[in-house]
Structure formats: structure tokens, C-alpha cells
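Chain by chain, the residues run as shown.
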Amino acid sequence: MKLLKLIANLGYGSRREVLALFADGRVRDAEGALLYGDDEIDPAQVVIDGAPLDPAPGMLLMLHKPVGYTCSHRDQGRLVYDLFPPRFRARKPVLSSAGRLDRDTSGLLLFTDDGQLLHRIVSPKAALTKVYRARLADSLRGDEAALFASGSLMLDGETRPLLPAQLVVMSEREVELHLHEGRYHQVRRMFAAVSNHVTELHRARIGGLTLDGLPEGEWRLLDAEEQRQLFDG
Ligand code: URA
């Protein structure tokens, strides 16, 4: 793809604004040589105002979502997209989250602009394991692990029982829950079904990927090896 179109699609500005970047000599290659709108070069070699170009289309990102942010492109209050550079919102194709976390849930959230990859991640066929850590208002009764693993728990308003899920008890009010599907507010509704209430919820893992020390509110690009790891977990 010609550089002018590529850079405009990455959200750096309208066609006219990006033409001005070229005219002002702000788009260069890694050696500092001027680049032109008609050039077709590896995006990894392009530098704008001395900074590398944003990741080319086909990217996969992880975000450590803080509590208080909504997974939506348009909503009131703080949005997960506020945590990325503003021009990410103008990218074509659009950057979307692969699945969602509630406003009050923190943890690992994936984003991609690759429709096929998005579909692979959220597809029930992939059945990627998602690991949640929950703090509970009340002590466990003792029958939760067996019920969650049974494959017969039916949540209110649903027509199919939940797939078996594994509960790991950390303490009386702290658990880890391993899910292989993603229904609306699933963890909170599972504990409501056993007369409990989730007071804190954090997603620690998706497939083979963890946040691995990424600070809250920060994001990073995942490489091809990490993309493989996601589907290996
Ligand atoms: N289950 C929930 O209840 N909330 C989330 O955000 C994710 C899973």
C-alpha cells in the first residue's frame, strides 16, 4: 500500500493532513531520508517526527484494564479506548476488543484490528480458557466447585446450561475460576446463582497469555510468538 494511504489509515490525519506531513519533511526512513506519499516501503522502516510509525494493520494488543473503564467505542464516562493514543480511534480498519470486561472488572483484555483474528479469539470453537480471580462478599458454602464443574448450572434467563468450569479455592472468600466460554457477566451471575456476591473481579489469563507484570492502565503490542501462545493455553 502507498505510504500516504497507510499513514492516513493509521489515524495520523485526513489525506490532506498527511500530505502536509510529507510536504513538511516529517516522514522519513530509519536513515533519515525523506519519504514520499507514493512510496511503498516496509512500515517498520517509517519514522514520523523521529518516532516509529504506529503498528501496521493486523496488530494484536493486550491492555491491563483498570476498574472504572467501559468496553465501548461510545458511552458515557471513561472508555478503554481512552487508554490508547487518540489516533488509534481513527484507525482503519477499526481496533476492537476481543470480548469484554465489565466496567467494574480489571485485568487482561485483548484488542485487534484483524477481523479474522478477532473471530478466532472469541469463537466458541477456540474455547480459550479465561482465568478470573474473584473476591466474594460471603464465605463459600462448599458445594460451588462441584456445581460449577457439573455442566448443569443454568443461569437466569438462559436456555443452555453452562459448560463445566473449574473453581480453585484460595481462601474462604477468594477464588480462581477457569471458564471455557464467555457469557454476559458470567462470573458475577455464577456466584449470584449460589447466593454469593462478587466484590472484586480480575481476569488474569486468556489462553496461554497473562499480563506478566504489565502495569494497570498500560498496553503493549503482542508479537507472533505471543499470538501462538494465546491459542496454546
Ligand atoms: N464475568 C463477569 O461477571 N464480568 C466480567 O467482566 C467477565 C466475566
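Below is a short write-up of the structure. What you see as residue numbers is a count from 1 along each chain, following the sequence as written. Residues qualify for local features only when their pLDDT is at least 70, as the model is predicted, and side-chain atom pairs are given and counted only at 80 or more; totals for whole chains, interfaces and linings, by contrast, use all residues. Side-chain measures here rest on the full set of heavy atoms in the structure, leaving out hydrogens and waters.

Some points on the overall build of the protein chain
Runs of E in the DSSP output that reach at least two residues are strands. Runs of H or I that reach at least four are helices, and both are numbered from the N terminus. A tally of regular secondary structure across the protein chain gives six helices and twelve strands. A principal-axis box enclosing the C-alpha atoms of the protein chain has dimensions of 70 × 35 × 35 Å. Total accessible area on the protein chain is roughly 12500 Å²; 50% of this is exposed by carbon and sulfur atoms. Per-residue and other accessible areas were derived by the Shrake-Rupley procedure at a 1.4 Å probe size, with only the shown protein chains allowed to occlude residues.

With respect to the site of the ligand
Lining the immediate environment of the ligand, one finds Leu101, Asp102, Thr105, Tyr132, His185, Gln186, Val187, Arg188 and Leu201. The term polar contact refers here to a pair of N or O atoms within 3.5 Å; inside protein, the definition further demands a hydrogen-donor-capable atom paired with an acceptor-capable atom, and it admits residues adjacent in sequence only when both atoms are side-chain atoms. At 3.0 Å, a backbone N or O of arginine 188 approaches an oxygen atom of the ligand. Surface burial for the ligand is 95%, taken as the share of its 240 Å² of free accessible area covered by protein chains. We place a 1 Å grid over just the protein atoms. Points where a 1.4 Å probe fits but has no way out form a cavity, open points with protein on both sides within 12 Å along at least 5 of 7 lines form a pocket, and any residue with an atom within 4 Å of a point lines it. Those molecules having more than half of their atoms within 2 Å of a cavity or pocket grid point set are described as sitting in that cavity or pocket. Of all the cavities here, the one that holds the ligand is the largest pocket. The element that contributes the greatest number of residues to the shell around the ligand is helix H5 (residues 186-193), accounting for three residues. We call a residue near a molecule or strand whenever a single non-hydrogen atom of that residue lies within 4 Å of it.

A few points about unusual backbone geometry
A cis geometry characterises the amide bond from lysine 92 onward to proline 93, with omega recorded as 0°. Here proline 93 shows up in the loop between strand E4 (60-65) and strand E5 (96-98). Look at histidine 185: it is not a glycine, yet its phi comes out positive at around 50°. Position of histidine 185 among the secondary structure elements: in the loop between strand E9 (174-179) and H5.

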